[in-house]
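Architecture at a glance
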Amino acid sequence: MKLTNRDIRDEFISDIRNIILSSRNAAIRSVDWERVRMYWKIGERIILEEQHGEERAEYGTYLLKNLAYKIEAEFGSGFSVRTLEQCRQFYRTYPITNALRSQFNWFQYRLLIQIDNKGKREYYELETLNNNWTGREVGASD
């Protein structure tokens, strides 16, 4: 079967579309990964400031309220007290940055850190990786 000019143009257009879509998806994954790293770093910094490496801090709640007040004014509502608490919990749950998985976004990690049982959390991490679960699927599975 001989390809016509129209077939070649359609294939060319399809290739260009695939390049664009692939690049968009890669950009989204890159942004998601940087966001995860940002929240991890925020959690690390909060722990260092409020606890000086100790398990508990006496003024942690006050610190987070003040931080949220200052940061939200500049960066918006994505840095509420609740989000900062999640950052702190994220760092506590995943204290080794190299253990973070670039395939997971912040929504997935927020769901995973709610699972107190380490074995159960690891199970959901593996299932998410193996089955390419979205955040909704992770949340629905628990």
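In this report, the structure presented in the accompanying data block is examined. For clarity, every value in this text was computed on a predicted model and none was experimentally measured.

Criteria and cut-off values
- Residues numbered from 1 in each chain as written.
- Predicted model: local features only at pLDDT ≥ 70, side-chain atom pairs only at ≥ 80, totals over all residues.
- Heavy atoms only, no water.
- Phe/Tyr/Trp six-rings, centres within 6.5 Å; stacked < 30°, edge-to-face > 60°.
- Helix = DSSP H or I, 4+ residues; strand = E, 2+ residues; numbered from the N terminus.
- Buried < 20%, exposed > 50% of the residue type's maximum accessible area, 1.4 Å probe, protein only.
- Contact = heavy atoms within 4.5 Å.
- 1 Å grid on protein atoms, 1.4 Å probe; cavity = no way out; pocket = protein on both sides within 12 Å on 5 of 7 lines; lining within 4 Å.
- Points joined across faces, edges and corners; volume = space filled by probe spheres on them.
- Nonpolar A, V, L, I, M, F, W, Y, C, P; charged D, E, K, R; others polar.

**Considerations on the packing of aromatic side chains**
For the coordinates displayed, the defined rule picks out 11 aromatic pairs. When the centroid spacing of 6.1 Å and the interplanar angle of 65° are considered together, the rings of Phe 75 and Phe 79 count as edge-to-face. Their ring planes at 75° and their centres at 5.2 Å tell us that Tyr 123 and Tyr 124 sit as a pair that is edge-to-face. In textbook terms, an aromatic cluster arises when at least three aromatic residues are bridged by ring pairs, as seen for Tyr 39, Phe 75, Phe 79, Phe 90, Tyr 94, Phe 104, Trp 106 and Tyr 109.

**Re the side chain of Gln 86**
With respect to the helices and strands, Gln 86 occurs in helix α3 (residues 81-93). The class of Gln 86 is buried, set by a relative accessible area of 11%. Excluding residues within four positions of it along the chain, Gln 86 makes contact with Trp 106, Arg 110 and Ile 113.

**Some words on the layout of surface pockets**
The space that makes up the largest pocket amounts to roughly 290 Å³. Going through the elements one at a time, α1 (5-51) and α5 (118-131) are the ones with two or more residues in the lining of the largest pocket. Looking at the lining of the largest pocket residue by residue, the classes come out as 5 nonpolar, 8 polar and 2 charged. Roughly 160 Å³ of volume is contained in the second largest pocket. Lining the second largest pocket are Thr 93, Tyr 94, Pro 95, Ile 96, Ala 99, Lys 118, Arg 121, Glu 122 and Glu 125. Here the element with the most residues in the lining of the second largest pocket is α5; it accounts for 4 residues. The residue inventory of the lining of the second largest pocket, partitioned by class, reads 4 nonpolar, 1 polar and 4 charged.

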